[in-house]
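One-letter residues, chain by chain:
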Amino acid sequence: MDNIIQRAFIDNEQVNLLQDKIKIYSCSFHLAAYSPRAFEAFAIDLPHAVLNAVPKRQAEFLAGRYLMQQALKDLGHSACQIPIGQHRQPVLPDGILASISHTDQHAYCGIKRGDSQSYLGIDAEHWLATAVAEDIQSTIITPMERSYLRTLDRPFHILLTLVFSAKESLFKAIYKFVGAYFDFDCAAISGIDFNQKSFTLTLQTTLAASMKQGTEFKGSFTSNDQLIVTLITDNECHR
């Protein structure tokens, strides 16, 4: 029965190894096949923080934790339960960095080995609709960033989605150093290379002792007709 539940809920599993020894785990998941019984089928605890959430949130959480569970097993960590930290982050074994993101149908987990100064952030977003992008742009970018994006030969809603996802990845990557939420205008997009599938974000203010104004973060992205996935890691950071 557990195998039937697992196959109905999760499919299209993939693992991709990047050059800097980061593995990206991904899968599709199906809300129609979800029930709280799925947590038991995957041998993953349904935590109190998610117990009263709507089924959609529970399904997203389960898919992300499942991928992280598989990633940890591949690195030799057999324990399948991943505690939730004070700031709702997954508590990982020493020397392991990981980040989770999801849409309503897909989940992603980036993982690598690293020390206390290392970081990793991943984010996935469906493409913003044109009208939505125009409506919310002021919450994501500054007028200077908008001027830069207007110089690029891509539709504005595509560019804004990329920037939004990149800034989400940055937040996930460096939150452990900052220790507080920070706004989108704390970092600005300063370069996008569609040939290399890379981007650069530059801090506009000092967020922490090791995250000073002017620090540049190089990230990468992949995309298809449905969504974009961005990644930021210290392997690509320039100071």
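Located above this text is the structure these notes cover.
Every value quoted in this text rests on a predicted model; they were computed, and no experiment measured them.

Quick word on the overall build of the protein chain
Of regular secondary structure, the protein chain possesses seven helices and nine strands. Taken along the three principal axes of its C-alpha coordinates, the protein chain extends 55 × 40 × 35 Å. Here the contacts in the protein chain between residues at least 6 apart in sequence split such that 53% fall between residues at least 24 apart. On the protein chain, roughly 12200 Å² of surface is accessible, and the fraction owed to carbon and sulfur atoms is 51%. Mean positive and mean negative side-chain charge positions of the protein chain (21 and 25 charges, respectively) differ by 3 Å.

Notes on the pairing of strand β2 (residues 23-29)
Working note: regular strand, side chains alternate between the two faces of the sheet. Counted residue by residue, β2 has six buried out of seven residues, so it is predominantly covered. Where strand β1 (residues 10-17) lies against β2, six bridges are found, and the strand directions are antiparallel. Within the sheet, the bridge partner assigned to V15 lies in β2 and is Y25. The pairing of β2 with strand β4 (residues 106-113) spans six bridges and is antiparallel. Residue pairing across strands places S26 opposite Y108, the latter belonging to β4.

Examining the pattern of salt bridges
Inspection of every chain in the model, using the stated rule, returns six salt bridges. The salt bridge partner of E134 is R146, with a shortest N-O separation of 3.9 Å. In this pair, E134 sits in helix α5 (residues 130-140) while R146 sits in helix α6 (residues 143-149), placing the two residues 12 residues apart along the sequence. The class of R146 is partly exposed, set by a relative accessible area of 25%. Residues R150 and E134 are paired through a salt bridge, measuring 3.4 Å at the closest nitrogen-oxygen approach. Remark: E134 occurs in helix α5 and R150 occurs in the loop between α6 and α7 (156-178); sequence separation between them is 16 residues. Look at R150 and you get partly exposed, because its relative accessible area is 42%. Overall, the relative accessible area of 34% leaves E134 in the partly exposed class. The network of salt bridges with shared partners includes E134, R146 and R150.

Scoring rules and cut-offs
- Residues numbered from 1 in each chain as written.
- Predicted model: local features only at pLDDT ≥ 70, side-chain atom pairs only at ≥ 80, totals over all residues.
- Heavy atoms only, no water.
- Helix = DSSP H or I, 4+ residues; strand = E, 2+ residues; numbered from the N terminus.
- Contact = heavy atoms within 4.5 Å.
- Areas by Shrake-Rupley, 256 points an atom, 1.4 Å probe, with all protein chains shown as cover.
- Lys, Arg positive; Asp, Glu negative; His and termini not counted.
- Charge placed at Lys NZ, Arg CZ, Asp CG, Glu CD.
- Buried < 20%, exposed > 50% of the residue type's maximum accessible area, 1.4 Å probe, protein only.
- Pairing = 2+ DSSP bridges.
- Salt bridge = Lys/Arg side-chain N within 4 Å of Asp/Glu carboxyl O.

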